[in-house]
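Now for the letters of each chain:
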Amino acid sequence: MMPIRVRAGLRVAPVFSRAVAARVGTIRRPIFAVFTVRGMAVTAKHADVASMSVAVGGAQRVNVAGLSVDAGLVELITQEVLPGTGVDKDAWFEAFGDIVRELGPQNKALLAKRDALQKQIDDYHKASKGPVDMVPYKAFLTKIGYLVPEGAPFKISSTKVDPEIALVAGPQLVCPIDNPRFMLNAANARWGSMMDALYGTDVIEEEGGATRGKGYNRVRGAKVFEETHKLLDEFFPLDGASYADVASFAIKDGKLVATVDGKELALKSPEKFAGYNAKGSDLSSVLLRNHGLHFDILIDREDAVGKDHKAGVKDVMVESALSAIGDCEDSVAAVDAGDKVVCYRNWLGLMKGTLGVEVKKGNSTVTRTLNPDRVYTAPDGKGEISVPGRVVLLVRNVGLHVYTDAVTTAEGDNIPENFLDCMMTATCMLHDIKGTHKYKNSRTGSGYIVRPKMHGPEEVELANELFLRTEAALGMPPNTLKMGIMDEERRTSVNLFEAMRPASARLAFINTGFLDRTGDEIHTSFEAGPFLPKDEIKKQVWIKAYEDNNVDAGFRTHLSGKGQIGKGMWAAPDNMKQMLKEKIGHPMAGANTAWVPSPTAATLHALHYHRCLVQTRQEELKSRAAAKVEDILTIPLLNRKLDPEEVQQELDNNAQGILGYVVRWVGQGVGCSKVPDMHDVQLMEDRATLRISSQHIANWLYHGVCTDTQVLETLRRMAAVVDRSCSPALALLYSWRLSVHRGCNPPACRPLRTRSRLPRVSPVSRCRSVTRGWWVVPCLQAEHRGCQLHADGSQLRRHRVSGCGGPDLQGQRDPQRPD
């Protein structure tokens, strides 16, 4: 049996730490460091790597209110965040210092309790080998306080929750907050083109000449119209005809009429007509509503697409994502103060409505900003109606286990990063709540913060206290900040009803997630035995009980109508046809929101909420038998002998997922990206992938399912696969970032990815990278911070700064470039 190291409540076999640190393919770096920095599943072998997040490279600090704060963060707070909020900067820092000093020990004690409970569970399984007997196992968990008794019934009493969260069911996006372009795309994903979603994805087959290409394919366009007509017929049926036969639309006596073969036909449900727009006497759009969601039929007979349609329809816009989460946690690459400043500045721009990003389109550059609301004429022609043009934004802070050096105590100790996240993101929300800017996020005056990776009711209680202290510091009424609870840790799952109680006056969101929840399942029951392969884990009794229990807890506490009951991500953004087939299972399971990987996926997933009225479905589900905690506690252990091919296939899958994600995390600073699996299916992955895959490998190593040699060989072989998926330019970029770029502070020098294959700009002053086959790297002389070299992907050509005393590398091959 392999020895296992435990660090910060995480496990890894020593061979796995060594293997991941080894030189594999062209990835010349200890890639396990990223797991350690973010508190994920693989721990560093060397202490100096574990301290990477506190190496600030000489960054300046400001001492204020008994805290030592990164100077860049102080500048952001005092010059950008606080102006306009009415909050005094000295009072802000004093209040935050009090939070750190008074709640910090509680945060530390709760993490110690996690470790103490885990040790007792480990000891139990060591002493009780073989299949788990549920009766004594449940009694043991109750005795040690892992399972808590349920108290009296209670109801969620949250008020001033936006209808997109509380009342209307629809898709939800999750987006890394450190990427402003992605965040703007998510914020503007309230509306999406149905024609584009059908035309550009695999939903429409490419047979019969209906191929996708650069130009408009009329054959494919005809198939798109055919499918669009079917959807309109399904959701907004006409009385006696199909939309395919409509020659024109008109408004008469406040009602929509469609002309078919010279006859004027009305909607079967006239109340679904919600508004219109016109240019002169001609309709330009028709707004329809079903289950609280809208379709907008756009009409233009002069348009390149509209002129091919009998009624002049050029597109159908669909109300798509209703909400989106700006993520400060698993999908970002934020490891130091500079990264956190980027995250907070983007969130501030969203809350003030000022965030903008330059995007290159062809030969021109446009500035992308937040979309305005959509305005229509009321059906009776008397007045206007406004429909939101943007999603309602939530923000996900980090978990209790992550500490940061962006702010330290007077003694030099790092503080809980979730404290900083809460105070900063809530302060940014003040701009929206006060309503002093152009766009509103919350029309009810609330702010939404999602809390991940909490273990049980006590940790929710601390989060609630943190919210109360933050509200008091910012002059907000109590419960202005609404809480979302990620049901992704086992101790929260089995105690979810009680975990919701401390936040009952502010709760607006509960959600499940397979990857993190399975990672914690393996970690908690690590000593019980080897686990099943991951695909088989999904089919065991515990996962259905876990998913059902989340919905049941929402029903029991009357969360419906007050907040969201959510389901997890569709991870294959290129497989939209399969998503359309399968993801309707989420609203049918009683969830009024579910995660999607892109705005296009949101447009398509919105169709499921037209087919399923979630409120009605929830009433039907309330009569079913409640999920049993005994089923949730059933550990998905290996119950058969695996053949060698099965073991290797699982190792390959885990290793490729880890390496494929990490090269993007380290090399590009991208915390969420598409990573191909063993079948070349692109999967949207964040750090939860690392958690489950590394836990699974470590579990099999520990219990002898695989060997040290086998894991090392697998990592090396999968590294070659990952290398082949990276262009030579990107391979050079990886090497440049950590090995060549010595003139800047490496943790802060993180190129931002654009659609180009090469980075466009780095946050570090005077460190710029451009596209079109070349970019700029810094001089190898560490003292020449302003000096740069042009590079063309294979050579370092010349110094940009004249008179540099650094070595002349003109004509020499970049020594860091891999063969």
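Below: a short report on this structure. Since we're looking at a predicted model, the values are computed, not measured.

## Let's talk about the packing of aromatic side chains
Applying the stated criterion across every chain yields a total of 13 aromatic pairs. Ring geometry for F235 versus F236: centroids 6.5 Å apart, planes at 85°, classification edge-to-face. By relative accessible area, which is 0% here, F236 ends up buried. Geometrically, the ring pair formed by W542 and Y546 is stacked, given 6.1 Å between the ring centres and 25° between the ring planes. Of this pair, W542 and Y546 are both found in helix α18 (residues 541-556), 4 residues apart, which corresponds to roughly one turn of the helix. We classify W542 as buried; its relative accessible area is 0%. One aromatic cluster is present, built from ring pairs that chain together W92, F93 and F96. Sitting over the ring of W191, R374 keeps its end group 4.3 Å from the ring centre. One Lys or Arg, R517, reaches over the ring of Y546 and ends 5.0 Å from the middle of that ring.

## Overview of the pairing of strand β10 (residues 273-279)
Two strands pair when backbone bridges link them, and β10 and strand β11 (residues 282-290) are joined in this way by 6 bridges, in the antiparallel orientation. Note on β11: the bridge partner recorded for A278 is L283. Linking two consecutive strands that pair antiparallel, namely β10 and β11, is a turn of 2 residues; a positive phi of about 70° is found at G280 within it.

## Brief notes about the nonpolar core
If you look at the biggest cluster of nonpolar residues, it comprises 134 residues, and the most contacted ones within it are L73, W92, F96, F249, L288 and L350. Membership of the second largest hydrophobic core comes to 29 residues, among which are I144, Y146, W542 and L637.

## Observations regarding empty space enclosed by the protein
One pass over the full model with this rule turns up 10 cavities of 30 Å³ or more. Space inside the second largest cavity adds up to approximately 80 Å³. In terms of residue class, the lining of the second largest cavity is made up of 7 nonpolar, 1 polar and 3 charged.

## What to know about the pattern of salt bridges
Under the criterion given, the structure shown has 48 salt bridges. Here R345 makes a salt bridge to E80, at a shortest N to O gap of 2.8 Å. Highlighted residues: R345 in helix α11 (residues 337-352) and E80 in helix α4 (residues 71-81), separated in sequence by 265 residues. On the basis of relative accessibility, which here comes to 36%, the residue R345 falls in the partly exposed class. Here R624 makes a salt bridge to D548, at a shortest N to O gap of 3.7 Å. Pair noted here: R624 is in the loop between α22 (614-621) and α23 (629-632) and D548 is in helix α18, with a separation of 76 residues, a long-range link. Given a relative accessible area of 16%, D548 falls into the buried group. Linked by salt bridges that have partners in common, D327, E329, D330, R396, K453, E488, E489, D516, D520 and R691 make up one network.

## Here's the deal with the side chain of H125
Turning to its location among the elements, H125 is positioned in helix α5 (residues 89-127). The exposure class of H125 is buried, given its relative accessible area of 1%. Sequence-distant contacts of H125, defined by excluding residues within four places in its chain, comprise V132, Y137, S525, E527, A528 and I635.

## Let's talk about the sheet that holds strand β8 (residues 255-260)
A sheet is described by the order of its strands in space; here 3 strands give the open sequence β7-β8-β9, paired in antiparallel fashion. Each of the sheet's edge strands pairs with one partner strand only, and the pair in question is β7 (248-252) and β9 (263-266). For this sheet, the mean inter-axis angle between neighbouring strands, taken without regard to orientation, is 35°. Bridge count between β8 and β9: 4 bridges; the pairing is antiparallel. Residue pairing across strands places V257 opposite A266, the latter belonging to β9.

## Considerations on the pairing of strand β19 (residues 392-396)
The buried fraction of β19 is high, at 5 of 5 residues. Burial along β19 is two-sided: V392, L394 and R396 facing one way and L393 and V395 facing the other are all buried. Inspection of the sheet shows strand β14 (residues 323-327) paired to β19 by 5 bridges, in the parallel sense. Bridge assignment links G326 to a residue of β19, and that residue is V395. Where β19 meets strand β22 (residues 447-451), 2 bridges bridge the pair, whose relative direction is parallel. Its bridge partner being in β22, V395 is matched across the sheet by I449.

## Some points on unusual backbone geometry
The phi dihedral of K160 falls on the positive side, at around 55°, and the residue is not glycine. Relative to the assigned elements, K160 resides in the loop between α6 (134-143) and α7 (163-166). Residue D253 is not a glycine yet carries a positive backbone phi of 55°. Relative accessible area serves as the criterion here: at 80%, D253 is assigned to the exposed category.

Thresholds, definitions, all that
Residues numbered from 1 in each chain as written. Predicted model: local features only at pLDDT ≥ 70, side-chain atom pairs only at ≥ 80, totals over all residues. Heavy atoms only, no water. Phe/Tyr/Trp six-rings, centres within 6.5 Å; stacked < 30°, edge-to-face > 60°. Buried < 20%, exposed > 50% of the residue type's maximum accessible area, 1.4 Å probe, protein only. Helix = DSSP H or I, 4+ residues; strand = E, 2+ residues; numbered from the N terminus. Lys NZ or Arg CZ within 6 Å of the ring centre and 35° of its normal. Pairing = 2+ DSSP bridges. Core = buried A, V, L, I, M, F, W, Y, C linked by side-chain atoms within 4.5 Å. 1 Å grid on protein atoms, 1.4 Å probe; cavity = no way out; pocket = protein on both sides within 12 Å on 5 of 7 lines; lining within 4 Å. Points joined across faces, edges and corners; volume = space filled by probe spheres on them. Nonpolar A, V, L, I, M, F, W, Y, C, P; charged D, E, K, R; others polar. Salt bridge = Lys/Arg side-chain N within 4 Å of Asp/Glu carboxyl O. Contact = heavy atoms within 4.5 Å. Axes fitted to C-alpha atoms, helices over the stretch in contact; angles between N-to-C directions.

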